[in-house]
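Coordinates in review
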Amino acid sequence: MATTKTDARALADLQREHGPALFHFLLGLTFGDRQRAEDLVQETLVRAWQHPEAFDGPYESMRPWLFTVGRRLAIDARRSRLARPTEVSDAVLEGAPGREDPAESTVAALDVRKAVRTLSPEHRAVLVQIYFRGLSVGETAAVLGIPAGTVKSRSYYALRLLSRNLPGYRN
């Protein structure tokens, strides 16, 4: 009956003789990541254990076979990591903003619209241009035909009035 696994003594000799060189080779392929290199060495030795026929090859040393297997495992691991989305730690997830309730944002939008309607037409026109259309102070001045200083003044006083009319939205 043929053996399906490499015996432990041969595997230990293989690790002792070629392990350090294999580790340094894989360390280069993993850009200095010691943990990944150690994992790849271990996986390479598992493959040697699973394939005892490799010991009967026509070559003098197992090193080329080990290096080839290790290199292929490193390539496969890299491709696998690149195919998956980047892993995110718990710290990043904790710092991420929570999902906002759509009902709350709808209510807030209605409250803001109602408060904007209470402003004078001049103040409202300035806010609409700056905040709703995204224009700069200079562009707003050109559109409304008023000086830039007037735009700044009206936006300042309009925002003050809005903060009074929207007391629940203060920071």
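Anything mentioned here points back to the structure above.
Computed from a predicted structure; not experimentally measured.

Observations regarding the packing of helix α7 (residues 137–144) against helix α8 (residues 148–165)
When two helices pack together, their arrangement is captured by the angle between the axes and the distance separating the axes. In contact at an axis separation of 8 Å, α7 and α8 are set at 105° when each is read in the N-to-C sense. When the axes of α7 and α8 are compared, the pair comes out roughly perpendicular. Contact with α7, carried on its side by Val-137, Thr-140 and Ala-141, involves Ala-148, Val-151 and Lys-152 of α8 and no other residues of that element. Along the lines of polarity and charge, the residues of the contact of α7 with α8 split into 4 nonpolar, 1 polar and 1 charged.

Considering a nonpolar patch on the surface
Nonpolar side chains collect at one region of the surface, where Tyr-131, Phe-132 and Leu-159 lie side by side and expose about 340 Å² of accessible area between them. Tracing the backbone shows Phe-132 in helix α6 (residues 121–132).

Looking at unusual backbone geometry
The backbone of Phe-31 sits at a positive phi, close to 55°, despite the residue not being glycine. Here Phe-31 falls in the exposed class, since its relative accessible area comes to 68%.

Observations regarding the nonpolar core
Among the nonpolar cores identified, the biggest contains 18 residues, and Leu-14, Leu-26, Val-41, Ala-48, Met-62, Trp-65 and Leu-66 are the most heavily contacted of them. Per-element accounting of this core gives the leading share, 6 residues, to helix α1 (residues 8–29). What Leu-26 contacts, discounting residues up to four positions off in sequence, is Ala-37, Leu-40, Val-41, Thr-44, Gly-70, Arg-71 and Ala-74. One finds Ala-115, Leu-119, Ala-158 and Leu-166 within the second-largest nonpolar core, a separate group that totals 7 residues.

Side note on the pattern of salt bridges
Oppositely charged side chains can form a pair if their charged atoms are brought close together. For the structure on display, the rule yields 3 salt bridges. Between Arg-36 and Asp-33 there is a salt bridge, with the nearest N and O atoms lying 3.8 Å from each other. The class of Arg-36 is partly exposed, set by a relative accessible area of 30%.

Quick notes on the packing of aromatic side chains
If you walk through the whole model with that rule in mind, you get 2 aromatic pairs. Ring geometry for Tyr-156 and Tyr-157: centres 5.0 Å apart, planes at 80°, overall edge-to-face. Under the relative-accessibility criterion, Tyr-157 is labelled partly exposed at 42%.

Quick look at the side chain of Ser-155
Within the secondary structure, Ser-155 is located in helix α8. With relative accessibility at 12%, the residue Ser-155 sits in the buried group. A polar side-chain atom of Ser-155 sits 2.9 Å from the main-chain carbonyl oxygen of Lys-152. If we ignore the near neighbours within four places in the chain, the residues touching Ser-155 are Val-126, Leu-127 and Ile-130.

Procedures and definitions
- Residues numbered from 1 in each chain as written.
- Predicted model: local features only at pLDDT ≥ 70, side-chain atom pairs only at ≥ 80, totals over all residues.
- Heavy atoms only, no water.
- Axes fitted to C-alpha atoms, helices over the stretch in contact; angles between N-to-C directions.
- Helix = DSSP H or I, 4+ residues; strand = E, 2+ residues; numbered from the N terminus.
- Parallel < 35°, antiparallel > 145°, perpendicular 65-115°, else oblique.
- Contact = heavy atoms within 4.5 Å.
- Nonpolar A, V, L, I, M, F, W, Y, C, P; charged D, E, K, R; others polar.
- Patch = residues over 30% accessible without salt bridge, like charges linked within 9 Å, V, L, I, M, F, W, Y side chains within 5 Å.
- Areas by Shrake-Rupley, 256 points an atom, 1.4 Å probe, with all protein chains shown as cover.
- Salt bridge = Lys/Arg side-chain N within 4 Å of Asp/Glu carboxyl O.
- Buried < 20%, exposed > 50% of the residue type's maximum accessible area, 1.4 Å probe, protein only.
- Core = buried A, V, L, I, M, F, W, Y, C linked by side-chain atoms within 4.5 Å.
- Phe/Tyr/Trp six-rings, centres within 6.5 Å; stacked < 30°, edge-to-face > 60°.
- Polar contact = N/O pair within 3.5 Å; in protein donor to acceptor, adjacent residues only side chain to side chain.

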